[in-house]
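Structural overview
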Amino acid sequence: MKIVPIPAFNDNYIWLIHDDESAVCVDPGDAAPVLAYLEQKQLDLDAIVLTHHHNDHIGGVAALQAAKSDVAVYGPDDIDCVNHALKEGQELNLLGQVWRVWFVPGHTHNHLAYILRIEGKNRLHVFCGDTLFSAGCGRVFSGTMAELEQSLARFAGLPKDTLFYPAHEYTASNLRFALSVEPGNEAASKALEAASKIPTLPVNLKHEKE
């Protein structure tokens, strides 16, 4: 199983998970780089999963549906292009793997995250959209600060080796802000040096807690 970041726009990542034959796409804000990758690797797009309704996460869905009319689109029930609406605690079977759905409001009122456990391996993989960034979190739009705090606390309860796959390359700017608040934070200083190499993602929970 491979998890690939496909860059889009200025700083988005569209995550593509595939087994060398079939693929699942997370938050395709732009279809063009996804279609190019699928063609290059000769992959069949099985499903699209969406975390929330912002256009830089769903803007490419229509073109991907045009390319494959029967593609399943999973996500919150307030997105028109979704044909499989999801709720907290549901489980999906995609690429032969179990994906658990978490309701993590804050950035938006109806934000979802997807917890993937790859068969035979203990580490969890979390596609968290704009709820969590490395060294930061999503701006609150239609959710609330209290909801975002609760969602981040829920993530913090996962095993320390859990890998998070945020949808934006904001790491360096987040760390510069963190150091303006805590200039003596050694962990943030070391992380900022490392952030010169991109992608900085995925990132593990132990790193984020530090």
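Above: the structure in question.
Scope of this entry: the structure provided in the associated data block. Just so it is clear, the structure is predicted and the values come from calculations on it, not from any experiment. (Residues numbered from 1 in each chain as written. Predicted model: local features only at pLDDT ≥ 70, side-chain atom pairs only at ≥ 80, totals over all residues. Heavy atoms only, no water.)

A cis amide bond links I198 to the next residue, P199, at an omega of 0°. Of note, P199 is situated in the loop between α6 (186–194) and β14 (203–204). Note that the residue after L201, namely P202, is joined by a cis bond; omega there is 5°. In this fold, P202 is placed in the loop between α6 and β14. A positive phi angle, near 55°, is found at D27, a position not held by glycine. In this fold, D27 is placed in the loop between β3 (22–26) and α1 (31–41). According to the relative accessible area criterion, D27 is buried, its value standing at 3%. (Helix = DSSP H or I, 4+ residues; strand = E, 2+ residues; numbered from the N terminus. Buried < 20%, exposed > 50% of the residue type's maximum accessible area, 1.4 Å probe, protein only.)

The next point concerns the sheet that holds strand β13 (residues 163–166). Reading across the sheet, the six strands line up as β7-β8-β9-β10-β13-β14 and stay open at both edges, with mixed pairing between neighbours. The open sheet has two edge strands, β7 (91–94) and β14, and neither has a second partner. For β13 and β14, the ladder comprises two bridges, and the chain directions are antiparallel. When the sheet's bridge partners are listed, F164 is paired in β14 with V203. Each of β8 (97–103), β9 (112–117), β10 (124–129) and β13 touches helix α4 (residues 145–156); the most contacted strand, β8, lies at about 145° to it. (Pairing = 2+ DSSP bridges. Contact = heavy atoms within 4.5 Å. Axes fitted to C-alpha atoms, helices over the stretch in contact; angles between N-to-C directions.)

Core analysis: the largest hydrophobic core is formed by 36 residues, its most contacted members being L92, W99, Y114, F127, F155 and F164. With five residues, the top contributor of residues to this core is β9. Residues contacting W99, with those up to four places away along its chain left out, are I17, V24, Q90, E91, L92, L94, Y114, I115, L116 and F127. Among the nonpolar cores identified, the runner-up in size contains 22 residues, and L38, I58, V61 and L64 belong to it. (Core = buried A, V, L, I, M, F, W, Y, C linked by side-chain atoms within 4.5 Å.)

Tallied over the full model, the rule gives six salt bridges. The partner of K68 in a salt bridge is D44, with the nearest N and O atoms 3.0 Å apart. Residue K68 is found in the loop between α3 (61–67) and β5 (72–75), and its partner D44 is found in strand β4 (residues 44–49); the two are separated by 24 residues along the sequence. For D44, a relative accessible area of 35% puts it in the partly exposed group. (Salt bridge = Lys/Arg side-chain N within 4 Å of Asp/Glu carboxyl O.)

It is worth spelling out the sheet that holds β4 at this point. Pairing between sheet strands relies on hydrogen bonds along the backbone, with the strands arranged either parallel or antiparallel. Reading across from one edge, β1-β2-β3-β4-β5-β6 is the order of the six strands in this open sheet, with mixed pairing throughout. Because the sheet does not close on itself, it has two edges, and the strands there are β1 (2–8) and β6 (84–85). Where β1 meets strand β2 (residues 12–18), seven bridges bridge the pair, whose relative direction is antiparallel. Along β2, the bridge assignment pairs K2 with H18. In the packing of α1 onto the sheet, the strands contacted are β1, β2, β3 and β4, and the crossing angle to β2 comes to about 30°.

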